[in-house]
Amino acid sequence: MPQRAIAALRDADVVCAEDTRVTGRLLAAYRIEKRIERLDEALIGERASAIVDRVAAGEVIAYCSDAGMPGVSDPGLRLVRAAHEAGVPVEVLPGPTAAATAYVASGSTNPRFYFGGFFPRKDAERRAMLDSLRALDAALIFYESPNRLVSALESLAEAYPYREGAVCRELTKLHEEVMRASLPALRDAFAARAQDGGIKGEIVLVIDGPSVAEGAAAEEDAESAARIRAAELKAAGARNKDVARTIADEFGIARNAAYDIALEA
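The shown structure was predicted, so the numbers you read here are calculated from the model rather than taken from an experiment.

Rules and cut-offs
- Residue numbers run consecutively from 1 along every chain, following the written order of its sequence.
- Note on the predicted model: pLDDT of at least 70 is required for a residue's local features to be given, and 80 or more for side-chain atom pairs to be given and counted; whole-chain, interface and lining totals, by contrast, use all residues.
- The side-chain values count all of the structure's non-hydrogen atoms but skip hydrogen atoms and water molecules.
- The definition of a nonpolar core used throughout is a set of buried Ala, Val, Leu, Ile, Met, Phe, Trp, Tyr and Cys residues joined through side-chain atoms within 4.5 Å.
- In this scheme, a residue with accessible area under 20% of its type's maximum is buried, one over 50% is exposed, and one in between is partly exposed, where area comes from a 1.4 Å probe on protein chains only.
- Segments assigned H or I by DSSP are reported as helices when at least four residues long, segments assigned E as strands when at least two residues long, and all are numbered from the N terminus.
- For this analysis, residues touch if any pair of their heavy atoms sits within 4.5 Å.
- DSSP calls a pair of strands paired once it identifies at least 2 bridges connecting them.
- Whenever a helix is involved, its axis is fitted only over the stretch in contact; in every case the axis is a line through C-alpha atoms, and angles between N-to-C directions fall within 0 to 180 degrees.
- Just to be clear on terms, a salt bridge is a Lys or Arg side-chain nitrogen sitting within 4 Å of an Asp or Glu carboxyl oxygen.
- Note on handedness: a clockwise path from strand one over the helix to strand two, with the strands aimed away from the viewer, defines a right-handed crossover.

### Overview of the nonpolar core
Then step 1. Leu-156, Tyr-160 and Leu-205 are the most contacted members of the largest nonpolar core, which totals 23 residues.
Then step 2. Here the element with the most residues in this core is helix H7 (residues 149-159); it accounts for seven residues.
Then step 3. Beyond its immediate chain neighbours, meaning those up to four positions away, Leu-205 contacts Leu-140, Ile-141, Phe-142, Glu-144, Leu-149, Ala-152, Leu-153, Leu-156, Ala-166 and Val-167.

### Topic: the sheet that holds strand S1 (residues 14-17)
Paired through their backbone hydrogen bonds, the strands of a sheet run either parallel or antiparallel.
Then step 1. Here three strands make up an open sheet; going across it, the order is S2-S1-S3 and the pairing parallel. Only two strands of the sheet have a single partner each, and these edge strands are strand S2 (36-38) and strand S3 (61-64). Direction aside, neighbouring strands of the sheet carry axes that sit 30° apart on average.
Then step 2. As paired elements, S1 and S3 share four bridges and run parallel to each other. Looking at the pairing, Cys-16 lines up with Tyr-63 of S3.

### Comments concerning the pattern of salt bridges
Then step 1. In total, this model carries 22 salt bridges according to the counting rule given.
Then step 2. Of the charged contacts, one joins Arg-38 and Asp-40 as a salt bridge, the two residues approaching to 2.5 Å between their closest N and O atoms.
Then step 3. Classification of Arg-38 by relative accessible area gives partly exposed; the value is 44%.
Then step 4. Accessibility expressed as a relative area gives 15% for Asp-40, which makes it buried.

### Focus on the pairing of S1
Residues in a regular strand project their side chains so that they alternate between the two faces of the sheet.
Then step 1. Going residue by residue along S1, you find Val-14 and Cys-16 tucked away on one face and Val-15 and Ala-17 tucked away on the opposite face as well.
Then step 2. Two elements, S1 and S2, share three bridges in a ladder whose sense is parallel. Across the sheet, the residue bridging to Val-15 is Ile-36, located in S2.
Then step 3. The parallel pair S1 and S2, bridged by helix H2 (residues 20-29), forms a crossover whose chirality is right-handed.

### Overview of the environment of Phe-115
Then step 1. Mapping Phe-115 onto the fold places it in strand S4 (residues 113-118).
Then step 2. For Phe-115, a relative accessible area of 28% corresponds to the partly exposed category.
Then step 3. Linking Phe-115 and Gly-68, residues 47 residues apart in sequence, is a C-alpha distance of 15 Å.
Then step 4. If near-sequence neighbours (up to four positions away) are discounted, Phe-115 is found in contact with Val-72, Ser-73, Ala-99, Ile-141 and Tyr-143.

Structure below.
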């Protein structure tokens, strides 16, 4: 807990909290006696403007998340936005950040990362998102519920079977766990754990960026599909030159390689 954050809680006129019980225990640990107001996901949208008006009138208000970094996949984002729109000053005093902690703990060596918030729940949304991120040269980071972890890993292993990643669970807590393996191996390991007794805790998924093996497999798939397409075009009477141009454009194959495939067809 940063000293500046402790000082800010002591100096605040009131503390708004996503969960008053969690924040109450935090204040008690530092012997801070303050009035606590509930400001959770259900309330922050309708009360943000009123909170900002109180700050503009001179009141000093602190906002606490349940856990992790306030404002990251958290309703506090709307409070910060409302404050900026009203010209009211905002001071951010960060605590542990699960996304950044998981990125370092995962063992990923890519110098860039993409944080996607919570992993989509619906299969179609997952497929569309993973297809759109396939070529991104960065580690991918998502939050996930323990109840949906296995289905998320199934989607990831299907989309990126050649990649490695890490499941980071309960970071900075007593039962912290970081398991790194290929995505299919992670899927199998946590599917077995779910069968044995379930999965608990807050979870961050970290997926490595595109690998050499993935690139080679993609090239093989493109060539196989190009050969089928070339055979179809040749059967329809197309000339080798036209076949080569078509499959080069459709499958991203070099023109020389495309012409060789056309000749073979």
